[in-house]
Amino acid sequence: MSYITNLKCKECGQEYPVAPLHVCETCFGPLEVNYDYAKIRAALTRAKIEARPHNLWRYRELLPVDGDPEVGPHSGFTPLVHCRRLGAELGLKSLYIKDDTVNHPTLSYKDRVVSVAITKAREFGFTTVSCASTGNLATAVAAHAARAGLKCFIFMPEGVEAGKIVGSTIYGAQVITIRGNYDDVNRLCSEIADKYGWAFVNINLRPYYTEGAKTFGFEIAEQLGWKLPDHVVVPTAGGTILPKVAKAFKELKDVGLVKGSNFKIYSAQAAGSAPVIHALHKGVDLITPVKPDTIAKSIAIGNPADGFYVLRAVRESGGWGDSASDPEIIDAIKLLARTEGIFAEPAGGTTLAVALKLIKQGRIKPDETLVVSITGNGYKTLEAVSSAIERPFVIDARLREFDALFERLGEGKPAAASA
Ligand SMILES: *Cc1c(COP(=O)(O)O)cnc(C)c1O
Ligand SMILES: [Zn+2]
């Protein structure tokens, strides 16, 4: 049973039927899924959710699907890690990492949005699915399409990490790289969607796809014991996840699952692709597109489709945002790995680096709860850090060589072996 009532234009409010539509015909505003919240409030309880399997479908009343979902049975419900060692370094007692480096099956937050989009694509009867991607979306669409038995075409800008090309092709998807940046890819894909009638998860299925991002926020609240954090830092690329985390928190209050605490939400962008942060810091609504140049390729979108809604969600919450340079991103990746044993990709380095700045700026107090969103896994982006880490030593298989090395490393003399 579905609780969706219709699609609704976010700008002028015009209503549309539940169909593969994403733009308002009257004002060109984006369409969003509308629910019957009164009915959800009556149907959904904490106990009901807690009794369900640990995947993103435990919040299915608040997701835009009709029947039983066939994809994503293991996606979502990733750990919320209480970071005691990192927290001690930063002077925070309640620091948490929401860890989508271990999202199933492709190790990024995109497994959430794609689980919902592919389920919806099947409900609409599509047989081919596709996407314009900076990399992580590609691997998620390719994997979920394979599982759902759908044909799959993937479009990415040239120069994305090898892990993302191999990680899409392996699932049998047709992968096409485009000479140009993500914004060029996206423009081409809009034309292909119109002409070929495929389900582009982040174009004509966008209203459904984006709803999947709410599960990141639902889980944070549930894992904090049905409480909202005081602060949450979220990366911004196209601008899907941040406003949806804010929406998730509001929905939980609206349907009575969380009692009215307030939260502040913060946007993190790489300095080499920070059009939303520029607008935020200038205090304007207009987002001036940039040409991305950063190692954080998965969030390198120079003309974010939903950038305006990021600004609005941040400002409404009383939050803020900042950007991080490539060296700051690398330092943050290393810091998280060294203190908590979590290897993030550059998008995660970006959110942590920005969280460090927000703490320094005094925006987050030592006794407040901070959640840092880590949205992708570092094993897929080894090239981003491989030149910034120590190379392994090479020695012969002789104890004498190791003894010499051990001393050279300043570790002191080895304990005398017992005879
Ligand atoms: C796609 C992506 C994001 C966020 O993108 P939005 O378009 O703003 O939702 C963040 N981190 C990673 C690793 C991603 O792949
Ligand atoms: Zn409209």
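Anyway, here's the lowdown on the structure attached to this text. (Residues numbered from 1 in each chain as written. Chains lettered and ligands numbered in written order. Predicted model: local features only at pLDDT ≥ 70, side-chain atom pairs only at ≥ 80, totals over all residues. Heavy atoms only, no water.)

What the protein contains, in helices and strands, is 16 helices and 13 strands. Relative to the compact-globule value of 22 Å for 419 residues, the protein shows a C-alpha radius of gyration of 22 Å, a close match. Seen through its principal axes, the protein has C-alpha atoms that stretch 80 × 45 × 45 Å. A buried classification covers 55% of the 419 residues belonging to the protein. Counted over contacts in the protein with a minimum sequence separation of 6, partners at least 24 positions apart contribute 69%. Of the accessible surface of the protein, which amounts to about 18000 Å², a share of 53% is contributed by carbon and sulfur atoms. (Helix = DSSP H or I, 4+ residues; strand = E, 2+ residues; numbered from the N terminus. Rg over C-alpha atoms; globule rule 2.2 N^0.38 Å. Buried < 20%, exposed > 50% of the residue type's maximum accessible area, 1.4 Å probe, protein only. Contact = heavy atoms within 4.5 Å. Areas by Shrake-Rupley, 256 points an atom, 1.4 Å probe, with all protein chains shown as cover.)

Strand order in the open sheet formed by four strands is β8-β7-β6-β9, and the pairing between neighbours is parallel. A single partner strand is all that each edge strand has here, and the edge strands are β8 (174-178) and β9 (199-200). Sheet topology places strand β6 (residues 128-132) next to β9; two bridges connect them, and they run parallel. What sits directly across from S130, in β9, is F200. (Pairing = 2+ DSSP bridges.)

Only C9 (SG), C12 (SG), C24 (SG) and C27 (SG) from the protein reach the zinc ion (ligand 2) as donors, at distances of 2.3 Å. Taken together, the four donor atoms coordinating the zinc ion (ligand 2) span angles of 97 to 118 degrees at the metal, a pattern that classifies the geometry as tetrahedral. If you list the donors of the zinc ion (ligand 2) from N- to C-terminus, the spacing comes out as C-x2-C-x11-C-x2-C. Here the residue C9 occupies a position in strand β1 (residues 4-9), and C24 occupies one in the loop between β2 (15-16) and β3 (31-35), the gap between them amounting to 15 residues. Summarising the burial analysis for this pair, C9 and C24 share the class buried. (Donors = N, O, S within 2.8 Å, 3.2 Å for Na, K, Ca; no water. Tetrahedral: all angles 85-135°; square planar, octahedral: opposite > 155°, others 65-115°.)

Before going further, it helps to examine the site of ligand 1. Near ligand 1 lie 16 residues; those nearest to it are Y109, K110, A237, G238 and T375. Within the side chain of Y109, a nitrogen or oxygen atom sits 2.7 Å from an oxygen atom of ligand 1. A distance of 2.8 Å is found between an oxygen atom of ligand 1 and a backbone nitrogen or oxygen belonging to A237. About the coverage of ligand 1: the protein hides 96% of its 380 Å² of free accessible area. Residues that form the shell around ligand 1 fall into these classes: six nonpolar, eight polar and two charged. (Near = heavy atom within 4 Å. Polar contact = N/O pair within 3.5 Å; in protein donor to acceptor, adjacent residues only side chain to side chain. Nonpolar A, V, L, I, M, F, W, Y, C, P; charged D, E, K, R; others polar.)

With that out of the way, let us pick up the packing of helix α4 (residues 110-124) against helix α5 (residues 136-148). Any two packed helices are characterised by the angle at which their axes cross and by the distance between the axes. α5 packs onto α4 with a crossing angle of 40 degrees between their chain directions and a minimal axis gap of 9 Å. One finds that α4 runs oblique with respect to α5. Regarding α4 and α5, the two cross each other, and that crossing is right-handed. Between α4, through K110, D111, V114, S115, I118 and R122, and α5, the contact on the second element is made entirely by N136, L137, A140, V141, H144, A145 and A148. (Axes fitted to C-alpha atoms, helices over the stretch in contact; angles between N-to-C directions. Parallel < 35°, antiparallel > 145°, perpendicular 65-115°, else oblique. Left-handed = near helix turned anticlockwise from the far one by under 90°.)

The next subject is the sheet that holds β1. Taken together, three strands build an open sheet; the order of strands is β2-β1-β3 and the sheet is antiparallel. Bordering the open sheet on either side are β2 and β3, each of which pairs with just one other strand. As defined by bridge partners, β1 adjoins β2 across two bridges and the pair is classed as antiparallel. Across the sheet, residue K8 finds its bridge partner in β2, namely E15.

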